[in-house]
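# Commentary on secondary and tertiary structure
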Amino acid sequence: MWRGSDPVSSGGQRVSKVEVRLKWDPSHWNQPPHHLDIIATTYSADDPYGRPVYVVHFDSRSPDGTINMSRNSQTGQGLGYVEVMTLELDRLASSFARVVVGVAIHQNSGPKTFGDLSNAGVLVVEGYKELLKDDFAQVAPFTALTVAEFTRDASAAWEFHELVRGFDSDPAVFTTEMGSAP
């Protein structure tokens, strides 16, 4: 469940195709790996704050191929951003009104929060334009967080909104909570 301060939200910027990139340092050699995932949930125009129509994460993609993972890491090993999700919002069916993107830490090897990670961060870009860059410092005590919300405006164009808010959830529970109204 969400706890903490009010979410940080910015005014909308029109977008069509974005990438969400995630990085973190691997755990120490004698510790279980840190496993993080980018997660996207989609919401219908009929119920934009209800249950997700579908969820996209490391072992799934959207039924129409508009949201998918092009890079996945279970350890954080690699250079730079080791996990990448692409969202082709301009190709989403008109029945969708909202997409929320978040990050969750797997809790299989014991409790871990964003404060337990080093060199972690998320970057949201459209082409070469940086929409959001965050190092998770403001959500250090949490195990999951939302980072971005994409909504359709009256002209059917998609808008990006920064939405950084922390949750105390494992990935499965987080997918049901992350799209709730702040």
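What comes next concerns the included structure. Within each chain, residue numbers correspond to sequence positions counted from 1 in written order. Local features in this predicted model are restricted to residues whose pLDDT is 70 or higher, and side-chain atom pairs enter the listing and the counts only when it is 80 or higher, whereas totals over whole chains, interfaces and linings include all residues. Side-chain calculation: all heavy atoms of the structure are included, whereas hydrogens and water are not.

Right, let's talk about the pairing of strand E7 (residues 83-88) for a bit. Extensive coverage of E7 is indicated by the burial of 6 of its 6 residues. A two-sided burial pattern is seen for E7, the buried positions comprising Glu83, Met85 and Leu87 on one face and Val84, Thr86 and Glu88 on the other. Following DSSP output, two strands are said to pair if at least two bridges run between them. Secondary structure elements follow DSSP: runs of H or I of four or more residues count as helices, runs of E of two or more count as strands, with numbering from the N terminus. One ladder, built from 6 bridges, connects strand E3 (residues 17-23) with E7; its direction is antiparallel. Considered in E7, the bridge of valine 18 is made with leucine 87. The buried label applies to any residue whose accessible area, calculated with a 1.4 Å probe on protein chains only, is under 20% of its type's maximum; exposed applies above 50%, and partly exposed to all values in between.

To continue, consider unusual backbone geometry. Residue asparagine 119 is not a glycine yet carries a positive backbone phi of 55 degrees. One non-glycine residue with positive phi stands out, namely phenylalanine 136, at about 70 degrees. Position of phenylalanine 136 among the secondary structure elements: in the loop between strand E10 (129-134) and strand E11 (144-152). On the basis of relative accessibility, which here comes to 2%, the residue phenylalanine 136 falls in the buried class.

Relative to the elements of secondary structure, tryptophan 24 occurs in the loop between E3 and strand E4 (36-44). Residues tryptophan 24 and leucine 36, spaced 12 residues apart in sequence, show a C-alpha to C-alpha distance of 8.4 Å.

To continue, consider the pairing of E3. Residues Val18, Val20 and Leu22 of E3 are buried on one face, while the alternating residues Lys17, Glu19, Arg21 and Lys23, pointing to the opposite face, are not. Here 5 bridges tie E3 to strand E9 (residues 121-126), and the two strands are oriented antiparallel to one another. When the sheet's bridge partners are listed, arginine 21 is paired in E9 with leucine 123.

What follows covers the pattern of salt bridges. For side chains bearing opposite charge, pairing can occur when the charged atoms are close. Salt bridge, as used here: a side-chain nitrogen of Lys or Arg that lies within 4 Å of a carboxyl oxygen of Asp or Glu. Following the criterion strictly, the structure yields 4 salt bridges and no others. Between arginine 14 and aspartate 153 there is a salt bridge, with the nearest N and O atoms lying 2.9 Å from each other. Highlighted residues: arginine 14 in strand E2 (residues 13-15) and aspartate 153 in the loop between E11 and strand E12 (158-167), separated in sequence by 139 residues.

Moving on to the environment of glutamine 107. Assignment of secondary structure puts glutamine 107 in the loop between strand E8 (96-105) and E9. A relative accessible area of 21% places glutamine 107 in the partly exposed class. On a C-alpha basis, the gap between glutamine 107 and serine 169 in space is 9.1 Å, while along the polypeptide they are 62 residues apart. In contact with glutamine 107, not counting residues within four places along its chain, are Lys112, Thr143 and Asp170. In the analysis that follows, any N or O atom pair within 3.5 Å is treated as a polar contact, provided that within protein one partner can donate a hydrogen and the other can accept it, and provided that, for residues neighboring in sequence, both atoms belong to side chains. Within polar-contact distance, the side chain of glutamine 107 engages the backbone nitrogen of lysine 112 at 2.8 Å. Here, residues are in contact when the closest pair of their heavy atoms is within 4.5 Å.

Attention now goes to the environment of alanine 140. Turning to its location among the elements, alanine 140 is positioned in the loop between E10 and E11. Since its relative accessible area comes to 26%, alanine 140 is described here as partly exposed. A C-alpha to C-alpha distance of 4.1 Å links alanine 140 and glycine 115, two positions 25 residues apart in sequence. The contacts of alanine 140, once residues within four sequence positions are left out, are Thr113, Phe114 and Gly115.

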